[in-house]
Amino acid sequence: MKKLICAGMALLLLVGCHRAKESVQGQTTNNTASMDSFDDSYYKIVRFDDSELREDFYLDYGSTNDFKSIGRGLQLLSDDYFSTSNHYMSEGQYLKLSLVKEMLSRKSENSLQPQDGTTIENIQNPIMVQNIQEQDYYIKDGDRYTLKGMAFTIVLDPRKSDNSRLDVAMSDKEIEKYGRECIQKFYKVIQNADDFKDVKNLPILLTVYQATDKTTSTVNGHYILKSYCQKEVGEISKVNQETVLFASERAQAIDKTTSNDFDTIKASLKNAATEAAGFVGEARYENDEIQSMVINVHLNVKTATELMYLTSIVADAIDNKFTYDFDIKVLVYSQDELDAVIIKNKGESAQSYSLD
């Protein structure tokens, strides 16, 4: 009987080792999205297991602009190292929730938080790290996907020791300084954690995201640092990404031409509309150059003809008034219901779609 039990235990160990090896060397799945309807800056997505981190991330950022910009921004940064042309992306498979909780707790030796007794800009014992996310990148060979690299985001969202919002925003300088320290600490955790023992020598992109500070803005969350690591921490460099509200003082400061063009289009809509019309945009910038813009248009219309007329006015203006060429999406609402979408891809004319 004892021999039978030992044999059974040995078999379980072999199966466990085989699965661990399979997770690194190759997995199979039928859950793949081609992303052909998107442009070539998007990864083909393969789905294995759901990330253990997804629920906490949704609770932290599901109601903010950071919900999308954290995940999408990490993809854009990763493309420099794991090309979208030959890599598939999946939700993180290796960073477990238990390890994240250790890193978010001051009491753990793996903590990324300031030690007790730390004061930063007159804030005693601040909470600096709010969340951590992972994305994995694979190469496909036949029906198997082999892991080739990983990317992580450390989300810095400075708060008081009780996790309440700061009264005055922490300076970008201090946040950047702390982010650099986090990259160094986090890479050491990866090198020593059991969950990463089979993958720790793969290329790893570590990034730092500065979350939206609601004391100053609703759209200023952005990536600030990155480090491409190959068996050691790579050079930690600044990332110049920003989301800008149109119209605003910041829009005028970073891009006066586009800001003035936006105001011209807004004026065209207001002149054509019989009643009040709302026109608000959010643009994504990299290295101070505009990449894309999403515009929300809110109309008060009384007929379908009026809705189509004003939608066309906006589409024509977007085609003719913007000096720079970039991707634009316009969501047109009437009485708070989405009724039309205008899409202008870079280098193409605007196309309108009625949701009837």
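Scroll up to find the structure this text is about.
Residues numbered from 1 in each chain as written. Predicted model: local features only at pLDDT ≥ 70, side-chain atom pairs only at ≥ 80, totals over all residues. Heavy atoms only, no water.

## Topic: the pairing of strand β8 (residues 204-210)
Of all the 7 residues making up β8, 7 are buried; the element is thus mostly covered by neighbouring parts of the structure. Burial of the side chains of β8 extends over both faces: I204, L206, V208 and Q210 are buried on one face and L205, T207 and Y209 on the other. In the sheet, strand β7 (residues 144-159) pairs with β8 via 7 bridges, with the strands oriented parallel. Across the sheet, the residue bridging to I154 is V208, located in β8. Note on the crossover from β7 through helix α5 (residues 172-192) to β8: the handedness is right-handed. Two strands pair when backbone bridges link them, and β8 and strand β9 (residues 222-229) are joined in this way by 7 bridges, in the antiparallel orientation. (Buried < 20%, exposed > 50% of the residue type's maximum accessible area, 1.4 Å probe, protein only. Helix = DSSP H or I, 4+ residues; strand = E, 2+ residues; numbered from the N terminus. Pairing = 2+ DSSP bridges. Right-handed = clockwise from strand over helix to strand, strands pointing away.)

## Section: the packing of aromatic side chains
Applying the stated criterion across every chain yields a total of 16 aromatic pairs. Between Y58 and F67, the aromatic rings sit 6.3 Å apart at their centres with planes inclined by 85°, giving edge-to-face as the arrangement. By way of ring pairs, the aromatic residues Y43, Y81, F82, Y137 and Y228 are connected into one cluster. Taking the ring centre of Y88 as reference, the NZ or CZ of K44 above it sits at 5.1 Å. (Phe/Tyr/Trp six-rings, centres within 6.5 Å; stacked < 30°, edge-to-face > 60°. Lys NZ or Arg CZ within 6 Å of the ring centre and 35° of its normal.)

## Some points on the packing of helix α2 (residues 54-61) against helix α3 (residues 66-78)
Across the interface, α2 lies against α3 with an axial gap of 9 Å and an inter-helix angle of 130°. The angle between α2 and α3 places the two elements in the oblique class. For the pair α2 and α3, contact is made by F57, Y58 and Y61 and by D66, F67 and I70, respectively. Looking at the contact of α2 with α3 residue by residue, the class counts come to 5 nonpolar, no polar and 1 charged. (Axes fitted to C-alpha atoms, helices over the stretch in contact; angles between N-to-C directions. Parallel < 35°, antiparallel > 145°, perpendicular 65-115°, else oblique. Contact = heavy atoms within 4.5 Å. Nonpolar A, V, L, I, M, F, W, Y, C, P; charged D, E, K, R; others polar.)

## Quick notes on a nonpolar patch on the surface
A contiguous nonpolar patch, built from Y58, L59 and F67 and spanning about 350 Å² of accessible area, is present on the exposed surface. Examined against the element boundaries, Y58 turns out to sit in helix α2. (Patch = residues over 30% accessible without salt bridge, like charges linked within 9 Å, V, L, I, M, F, W, Y side chains within 5 Å. Areas by Shrake-Rupley, 256 points an atom, 1.4 Å probe, with all protein chains shown as cover. Salt bridge = Lys/Arg side-chain N within 4 Å of Asp/Glu carboxyl O.)

## Section: the nonpolar core
Core analysis: the largest hydrophobic core is formed by 42 residues, its most contacted members being L95, V129, F152, F186, F196 and L206. For this core, the elements supplying multiple residues, two or more each, are α4 (97-104), β6 (127-141), β7, α5, β8 and β9. No other element matches the 8 residues that α5 contributes to this core. Not counting the four nearest positions on each side in its chain, F152 is found in contact with L74, L95, Q133, E134, F186, I190, F196, I204, L205, L206 and T207. Listed in part, the 32 residues of the second largest apolar core include A251, A273, A277 and I295. (Core = buried A, V, L, I, M, F, W, Y, C linked by side-chain atoms within 4.5 Å.)

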